[in-house]
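Breakdown of the fold
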Amino acid sequence: LEQRGRLQRLVAKDVQPPDPASIRVLRGHQLPVTCLVISPDDRFIFSASKDGSLIKCKWEVESGKRLCVVPGAKKGTEERHMGHASHILCMAISSDGKYLATGDRNKLIMIWDAATCKRLHIFTGHRDAVSGLSFRKGTHQLYSASHDRSVKVWNVAENAYVETLFGHQDVITGLDSLSRECCVTSGGRDGSVRLWKIPEESQLVFSGHQGSIDCIQLINEEHMVSGADDGSIALWGLTKKKPLALARQAHGMQGTQDLQQPYWISAVAALRSSDLLATGSHSASVKLWKCSEGFRKLEPLWDIPL
């Protein structure tokens, strides 16, 4: 389906849940895994956790082998040691698979050679935990978001800081970008999603969730999806200030009859330029969703117990 010259793959109707026997588990971290990325060629997984070790074992997807581990360092020794000294909260890989970026609770962004796991550079400048990272597609421009409520722009190829953008009223909890020179962020308790237009130094503000907006991802250059701790997921068009579709209690309710609350949405993902979404929560399942009626409806497809 082609919309305004953009290709939209309709895949949701053909998706089947995986055979439980085919789900593989990779073990190696001592503490909770906080983030992971898959290399653009789908061959390697990079993961990180609260144990401070960046396990770039390039868990090889085929074999499940751990290819390399970068151990954590003690606080203040990051310059001498390779690893982070505090919880790693986010990571991103460039679309050519060359650079890996990791951000930690201690305000640092580290840049790595994805092929060798060697650290190339440390970016400093954020005044609080780094909570989101994204490379602009097709470039080595990196966007970072932080609990200091700012977004920063970096040029990784030249180890250079570019600029800082302000606007959120609370900690930024998530960030994403595609090939345009812009990024989107979720603003936690300030209740807003923002689209940052970098060259114009301007921003658009979107509002619609009740709770803290904790995660966000672009589906294509015109639509995005976000998740909140009020249990809702929202579909947005970049030209409308309110959600095009909102699914409340997307992962159901928890607690006793008297004290029920929704399961928080802690992760959202989109198969880029398609009609297929996934959401994660602590309800012990991943849910798959179909965006239908021109992104005006969210239909639950499958619950994958994990």
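Counting of residues starts from 1 at the beginning of each chain's written sequence and follows it residue by residue. For a predicted model such as this one, the threshold for reporting local features is a pLDDT of at least 70, and the threshold for listing and counting side-chain atom pairs is 80 or more; totals across whole chains, interfaces and linings nevertheless cover every residue. Think of the side-chain values as coming from all heavy atoms in the structure, minus any hydrogens and water.

Looking up the protein in an unreviewed UniProt entry gives the name U3 small nucleolar RNA-interacting protein 2, with the organism given as Dryobates pubescens. Its UniProt record, at the heading Sequence similarities (unreviewed entry), says of the protein: "Belongs to the WD repeat RRP9 family." UniProt positions are given in the numbering used here, feature names are shortened, and annotations may be inferred rather than shown by experiment.

All right, on to the domain arrangement of the protein then. Think of interface size as the accessible area that goes away when the parts come together; that is how it is often given. Domain annotation for the protein reports domain 1 (29-166) and domain 2 (172-305). Buried area: the sum, over both parts, of the accessible surface (1.4 Å probe) that disappears when the two are put together. With both chains or domains summed, domain 1 and domain 2 bury close to 1400 Å², and 60% of this area falls on carbon and sulfur atoms. The largest contributions to the domain 1 side of the interface with domain 2 come from Arg136, Tyr143 and Leu165, which together make up 33% of the buried area. For this analysis, a salt bridge means a side-chain nitrogen from Lys or Arg found within 4 Å of a carboxyl oxygen belonging to Asp or Glu. Our enumeration of links across domain 1 and domain 2 arrives at one salt bridge. Glu181 serves as the salt-bridge partner of Arg136, at 3.8 Å between the closest nitrogen and oxygen. Every helix listed is a DSSP run of H or I at least four residues long, and every strand listed is a run of E at least two residues long, numbered separately from the N terminus. Contributing elements (two or more residues each) for the side of domain 1 that touches domain 2: β10 (130-135), β11 (141-146), β12 (150-155) and β13 (160-166). Any residue outside Ala, Val, Leu, Ile, Met, Phe, Trp, Tyr, Cys, Pro, Asp, Glu, Lys and Arg is labelled polar, Gly included; the first ten of those are nonpolar and the last four are charged. Here the side of domain 1 that touches domain 2 is composed, by residue class, of eight nonpolar, eight polar and four charged. Segmentation into domains, and thus their bounds, comes from an automatic or database assignment.

It is worth spelling out the pattern of salt bridges at this point. Pairing is possible between side chains that carry opposite charge, provided their charged atoms lie close to one another. Enumeration according to the criterion identifies eight salt bridges in this entry. Its salt-bridge partner being Lys13, residue Asp14 comes within 3.5 Å of it at the nearest N-O pair. Whether a residue is buried, partly exposed or exposed follows from its accessible area with a 1.4 Å probe, protein chains only, as a fraction of its type maximum: under 20%, in between, or over 50%, in that order. Classification of Lys13 as exposed rests on a relative accessible area of 59%. Residue Asp41 pairs with Arg43 through a salt bridge whose shortest N-O separation is 3.9 Å. Taken together, the shared-partner salt bridges in this structure form one network comprising Arg180, Glu221 and Glu222.

Before going further, it helps to spend a moment on empty space enclosed by the protein. Space inside and on the surface of the protein is sampled on a 1 Å grid over the protein atoms alone, with a cavity defined as a set of points where a 1.4 Å probe fits but cannot get out and a pocket as an open set with protein on both sides within 12 Å along at least 5 of 7 lines; lining residues have an atom within 4 Å of a point. Grid points are joined across faces, edges and corners, and a volume is the space filled by probe spheres set on the points. Evaluation of the coordinates by the stated rule reveals two cavities of 30 Å³ or more. Quantified by volume, the largest cavity comes out at close to 50 Å³. Of all the elements, strand β15 (residues 182-186) adds the most residues to the lining of the largest cavity, at three residues. Residue composition of the lining of the largest cavity, grouped by class: seven nonpolar, one polar and two charged.

Before going further, it helps to spend a moment on the pairing of strand β4 (residues 44-49). For a regular strand, side-chain orientation follows a simple rule: the groups alternate between the two sheet faces. Of all six residues making up β4, six are buried, and the element is well covered by its neighbours. Side chains Phe44, Phe46 and Ala48 of β4 all project onto a buried face; the interleaved residues Ile45, Ser47 and Ser49 project onto the opposite face, where all are buried too. Should DSSP find at least two bridges between two strands, the strands are taken to pair. The sheet contact formed by strand β3 (residues 33-38) and β4 spans five bridges and is antiparallel. Along β4, the bridge assignment pairs Val37 with Phe46.

According to UniProt, the feature "repeat: WD" (unreviewed entry) maps to residues 26-54, 81-122, 123-164, 165-206 and 206-246 in the numbering used here. Annotated as residues 81-122, this span is 0% helix and 52% strand, and its ends, taken at the C-alpha atoms, are 12 Å apart. The straight-line gap between the two end C-alpha atoms of residues 206-246 is 13 Å; of that span, 0% is helix and 51% is strand.

With respect to topology, four strands assemble into an open sheet ordered β24-β25-β26-β27, the strand pairing being antiparallel. Looking at which strands have only one partner, the edges of the open sheet turn out to be β24 (265-270) and β27 (297-305). Between one strand axis and the next, the sheet turns through 25 degrees on average, direction left out of account. Axes here mean lines fitted to C-alpha atoms, for a helix over just the part in contact, with angles spanning 0 to 180 degrees between N-to-C directions.

Here we come to a nonpolar patch on the surface. Within this analysis, patches are made of residues with over 30% relative accessible area and no salt bridge. Like charges are joined at 9 Å or less; nonpolar side chains (Val, Leu, Ile, Met, Phe, Trp, Tyr) at 5 Å or less. All accessibility values rest on the Shrake-Rupley procedure with a 1.4 Å probe; residue burial counts only the protein chains present in the view. On the surface, Val33, Leu36 and Ile38 cluster together to form a nonpolar patch covering roughly 270 Å² of accessible area. Within the secondary structure layout, Ile38 lies in strand β3. Residue classification places Ile38 among the partly exposed positions, given a relative accessible area of 45%.

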